[in-house]
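# Notes for the structure review
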Amino acid sequence: MKAKKGAILALTLCMASQILCACANQSGAASDKIHIGVTYYNQSDTFLNGLLEGFRQELETLKKDDLELTMTVRDAAGSQRTQNDQVKELIDAGCSVLCVNLVDRAEPSEIIDLARDNDVPIIFFNREPVAEDLMQWEKLYYVGAYAEQSGIMQGELAAEAIQSDDTIDRNKDGKIQYVVLEGEAGHQDAIIRTENAVDTLKNSGIELEKLSYQIANWNRAQAQNRMEQLVSQYHDEIELVLANNDDMALGAIDAYKKLNYTESTLPVFFGIDGTDVGLQAIVDDDMWGSVYNDKEGQAEAMAKLAVAVITGDGMNELDFEKERCIYLSYSKVTRENVEDYIKYSGEGAAE
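The present account deals with the structure reproduced in this document. Worth saying up front: this structure is predicted, and the values here are computed from it rather than measured. (Residues numbered from 1 in each chain as written. Predicted model: local features only at pLDDT ≥ 70, side-chain atom pairs only at ≥ 80, totals over all residues. Heavy atoms only, no water.)

## A short note on the nonpolar core
- With 65 residues, the main nonpolar core has Ile36, Phe55, Ile123, Phe125, Met227 and Ile238 as its most contacted residues.
- For this core, the element with the highest residue contribution is helix H11 (residues 295-311), accounting for 9 residues.
- With residues up to four places along the chain from it excluded, the contact list for isoleucine 238 reads Arg170, Gln177, Val179, Leu211, Met227, Leu230, Tyr256 and Pro267.
- Listed in part, the 24 residues of the second largest apolar core include Ala145, Met153, Ile176 and Leu208. (Core = buried A, V, L, I, M, F, W, Y, C linked by side-chain atoms within 4.5 Å. Buried < 20%, exposed > 50% of the residue type's maximum accessible area, 1.4 Å probe, protein only. Helix = DSSP H or I, 4+ residues; strand = E, 2+ residues; numbered from the N terminus. Contact = heavy atoms within 4.5 Å.)

Here it is as structure tokens:
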């Protein structure tokens, strides 16, 4: 009887050992394969497409023999409800970490609840959630840039142009008549970019007269349409166009080209983001300047963070602010230095 009990005990211990080994192997396998789910607000956004391509390339560089990285990308097409559904689908598909560019930065709660219930970390990017929302759970992160910095730099660029070229004030009234093309109604980044650009101009001693502002939803075609309406109303009175991003600045330029305005009657145009098409517009002298949004730096930070939150390796190498946020600095782009940024954007390495 004692022998029989001993055999049973040995068999039980052996089975327990096998179960523990199996769990350990599964745990190891989980960190050996990282499936990243990405959802972003709209695939028509030029800057975000460039950022995600850079993110894809950065993930390739982080792959190792013992680490497989895969990515699934979803376009929310401007619908927060769609994005919420996409997050659920990505979690159900086994994604181990989510990268979310919110449609509505004020409505992340459903996404956060889904992720927390399934213990899937989230890296929000480009559109920063409200600070209180980001504190809902310790596995929420943000990668992006300071919106106010981009507005300040755009204002500085415009002030430098106006102070160096008195022909911008075409009617010689001592004031600059301007219009603003804004990203989204009520969108915090759009408001911050506009306010800081205008305040910086005023603080630089530039007297301004606002003719109008139009919402163009970060979109080039919409910006062209809005600008055509403004030109039909103000004709050649407009001396300065401040756009919240390059695509809208380019849309404004498209409007003037379509209407066959001569160079002497064109306003000066300023964008933000330093997209490839925006940089080319500076080279072509269509746009005076832009503010470079470091998509390469953001892509690198997102990729390293996505791996680190799962493997636990490399978190101490990341430069966090406010505990779980990573911010990359903007920089000013003009005709004098645009070639440096084209090389940086094209090769993924700074000079």
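## Re the sheet that holds strand S8 (residues 240-243)
- On the basis of which strands lie adjacent, the open sheet formed by 4 strands has the order S7-S6-S8-S9 and parallel pairing. Two strands close off the open sheet at either side, each with one partner strand: strand S7 (208-215) and strand S9 (268-270). In this sheet, neighbouring strand axes are inclined to one another by 20 degrees on average, regardless of whether the strands run parallel or antiparallel.
- In this sheet, S9 lies alongside S8 in parallel orientation, the contact comprising 3 bridges. By the bridge assignment, leucine 242 is partnered in S9 with phenylalanine 270.
- Taken strand by strand, helix H8 (residues 220-234) contacts strand S6 (176-182), S7 and S8, and its axis lies near 140 degrees from that of S7. (Pairing = 2+ DSSP bridges. Axes fitted to C-alpha atoms, helices over the stretch in contact; angles between N-to-C directions.)

## Structural notes on the layout of surface pockets
- The space that makes up the largest pocket amounts to roughly 490 Å³.
- Every residue lining the largest pocket is counted, 21 residues in all, and those nearest its centre are Glu263, Leu266, Pro267, Val268 and Arg335.
- Elements represented by at least two residues in the lining of the largest pocket include exactly helix H9 (246-258) and S9.
- When residues in the lining of the largest pocket are grouped by element, the largest group, 3 residues, is from H9.
- For the lining of the largest pocket, the residue count by class is 10 nonpolar, 2 polar and 9 charged. (1 Å grid on protein atoms, 1.4 Å probe; cavity = no way out; pocket = protein on both sides within 12 Å on 5 of 7 lines; lining within 4 Å. Points joined across faces, edges and corners; volume = space filled by probe spheres on them. Nonpolar A, V, L, I, M, F, W, Y, C, P; charged D, E, K, R; others polar.)

## As for helix H2 (residues 46-62)
- Under the 1.5 Å per step criterion, the end-to-end length of H2 is 25 Å for 17 residues, consistent within 8% with the ideal 24 Å.
- Looking at H2, one finds that the buried residues are Phe47, Leu48, Leu51, Leu52, Gly54, Phe55 and Leu59. Buried residues along H2 cover an arc of 160 degrees about the axis, so they all sit on one side.
- Of the surrounding secondary structure, the elements contacted by the buried residues of H2 are strand S1 (33-40), strand S2 (68-75), strand S3 (97-100), strand S4 (122-125) and H11. (Expected span 1.5 Å × (residues − 1). Arc of directions from axis to C-beta.)

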